[in-house]
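# Topology and contacts: notes
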Amino acid sequence: MVARRLVLTADEHTWPKENKEPVLFLGEWCKRYSRKAVWQKLDAEVAPYHWDDRQKLFNDYQYLQDLYEKLLLDLSNKLNHIHSVNYSLRYWRILIGPWLSIFIQIFFDRWFMLKQTIEKEKIIKCNIISRDPMSVVPNDIKHFSNMYVDDDWNEAVYGQLLDLNWSDVVNIKRIHKPSIDDKNENNTSLSAKTAFKRHIEKFWVPLFNKLFSKDDGYFIISSYLSLKTVLKLQINLGQFPKLWQRLSTPIIKPDIQQRQWQLDRKFNDASFEEVVCKLIPLHIPTAYLEGYKNLETVTSQSGWPKKPKGIFTSNSYNSDDVFKKWAAEKTESGTMLAIGQHGGHFGMTPFIFYEGHQIDIADKWLSWGWSDKMRPKIISVGNLKGFEKNVGYDPNGKALMVEKCLPRYSRHLFAVPISGQWLDYLDDQQKFVKTLPLEIRKQVLLRLYSHDYGWDQRHRWKDKMPDVQIDSGNKNILELIKKCRFCVSTYNATTYLESLSWNVPTIIFWNLKHWELKEEAKSYFELLKSVGIFHETAESAAKQMINVWDDVALWWESKEVQNAREKFCKQYSRDNSELVEHLRKIFTN
């Protein structure tokens, strides 16, 4: 076995200076496609990824969920003590649950990859960047979400884990580099239209709400409902309509002196549980520790209702710490919290943290159609987005192929390609296009995912297929669909629910190895499969598009296809013409 230097991330500051030195990349995330001229010169191998075994992924997910529940209880007790409060487990689940669950899942992946690689390979040395450990502490959950997909943050985490667990077996050399870029603030210049909208939201909407606000009204924020539906719903609830806006979490610097504590639970010294318990105090966002009092101040001065009758959101439950703090307080006093489904994947997949988390913290959880007898909190309401009707399509238009990009590093776990498995997904996409005859291939418009995550999507496509038409993912998808004869959906999310609801000819394909379905959902996808809508391989999907290309309406408007589409939409994206009245009854009963 060849002795190798371990390379942790794509940060080339930590790579060997000599091309001849044998290297082991910890994962595919190390190899930026745009930098292949550099890494192709190295004597390099890539460590196998442990979650390529999807059964292990599922088993680990269950184990980590169990650990999350134990640590959530311990951390809730600790934070009650630190802040001299006595809030319930539900309060802390609402506020810190999303961060803690993602943190545990991410750190397990990073820890296990190091453990597996060091045990199985001959690793003799590794460079890590010397840095202040407080430089990688997030301010809040949104800041954390920006950090954990980044090379610099992951290098810091790998370095901490190496130092903590394997400094006696790996020769660790610390190198110097400027500290991590702060991605907590968005300095992107705004268009005049966006700037005007922000001005209205920041100054005039709060003033309007203050003039007409009632302390006991219903509070609706980031609901996924259309503006018209939000206004109509509030009128039907007997209150003057108000539009609430997200408030920013105060930015507070971490203080190492306030982090000299540990969780009380004890585990074996060499276990992951012991490691994660040591690291939680070093990584918990400042909003939950040093900045907790500041967060309290923002919520108390927010102008939001002090005794709301009910709270409804479809998005703020996760990435909005001001809302979470305020909502957690109100649920302590008995206020009803309703959460709406905010996209696809829900009710379809065998494992997804956010589905369970939302249902756990909510009094009522509103689905787009599906239900579960074992979980009575789930109420079948219908599609909250209220997709436009009569969108139409151009029977002589292009084929819009909608792409997905996922982070190079794992994040919260659910049934999607993880880390380097995205390369398998990309390979399927290119197989689909290659299978098409040239005259059809020229009419495919490839809509890339707007966030690249360092995969260099456009570069990869242009190298393989320089003539492919590419949309960067920033244009209005509805306007693109209207000009196309097909919508090709390549991943399990909201896109195909939209196109099916719009009754736009749709072909769906994905690899069930990475996009697993739960048993209850399989029959619905088999129904779509039977009429040529859903496919498990790229080649099958391409052949279907070839077969119906010249007369898409003949296929799409057939009785069999329309019956299958309607049955599927009834289960997962149901149109509800009485949505406002249905919501009123749910909120008031």
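Bear in mind the structure is a predicted one, so any value in this text is a computation, not a measurement.

## Regarding the nonpolar core
Soluble globular proteins tend to bury their nonpolar side chains together. Core analysis: the largest hydrophobic core is formed by 193 residues, its most contacted members being Phe432, Met545 and Phe587. It is helix 3 (residues 89-120) that provides the largest number of residues to this core, a total of 18 residues. Discounting residues that sit within four places of it in the chain, phenylalanine 432 has contacts with Met401, Val488, Phe509, Ala538, Ala541, Ala542 and Met545.

## Topic: the pattern of salt bridges
One side chain can pair with another of opposite charge once the charged atoms of both are near each other. Counting across every chain of the model gives 38 salt bridges. Here lysine 125 and glutamate 21 are joined by a salt bridge, their closest N and O atoms 3.8 Å apart. Of this pair, lysine 125 sits in strand 4 (residues 123-129) while glutamate 21 sits in the loop between strand 1 (4-7) and strand 2 (23-25), and the two are 104 residues apart along the sequence. Taking the shortest distance from any N to any O, the salt bridge between arginine 447 and aspartate 471 comes out at 3.3 Å. With arginine 447 in strand 12 (residues 444-447) and aspartate 471 in strand 13 (residues 469-471), the pair connects residues that are 24 residues apart, well separated along the chain.

## A closer look at helix 22 (residues 579-588)
Every buried residue belonging to helix 22 is among Leu579, Val580, Leu583, Ile586 and Phe587, and all of these are buried. Buried positions in helix 22, seen along its axis, are confined to an arc of 125 degrees and lie on one side of it. Check the buried side of helix 22 and you find it contacts strand 6 (218-220), helix 7 (227-236), strand 7 (310-313), strand 8 (336-340), strand 9 (364-367) and strand 10 (378-380).

## Looking at the packing of aromatic side chains
Following the criterion strictly, the structure yields 56 aromatic pairs and no others. Ring centres of tyrosine 496 and tryptophan 510 lie 5.6 Å apart, and the angle between their planes is 55 degrees; this geometry places the pair in the tilted category. Separated by 14 residues along the polypeptide, tyrosine 496 in helix 17 (residues 495-501) and tryptophan 510 in the loop between strand 15 (506-509) and helix 18 (519-530) bring together distant segments of the chain. Considered together, tyrosine 496 and tryptophan 510 belong to a single accessibility category, that of buried residues. These aromatic residues form a ring-pair network of at least three members: Trp422, Tyr425, Trp455, Tyr491, Tyr496, Trp510, Trp515, Tyr524, Phe525, Phe534, Phe568 and Tyr572. The ring of tryptophan 39 has lysine 31 sitting right over it, with the charged end atom 4.6 Å from the ring centre. Positioned over the ring face of tyrosine 224 is lysine 385, at 5.0 Å from the centre of the ring.

Rules used throughout
- Residues numbered from 1 in each chain as written.
- Predicted model: local features only at pLDDT ≥ 70, side-chain atom pairs only at ≥ 80, totals over all residues.
- Heavy atoms only, no water.
- Core = buried A, V, L, I, M, F, W, Y, C linked by side-chain atoms within 4.5 Å.
- Buried < 20%, exposed > 50% of the residue type's maximum accessible area, 1.4 Å probe, protein only.
- Helix = DSSP H or I, 4+ residues; strand = E, 2+ residues; numbered from the N terminus.
- Contact = heavy atoms within 4.5 Å.
- Salt bridge = Lys/Arg side-chain N within 4 Å of Asp/Glu carboxyl O.
- Arc of directions from axis to C-beta.
- Phe/Tyr/Trp six-rings, centres within 6.5 Å; stacked < 30°, edge-to-face > 60°.
- Lys NZ or Arg CZ within 6 Å of the ring centre and 35° of its normal.

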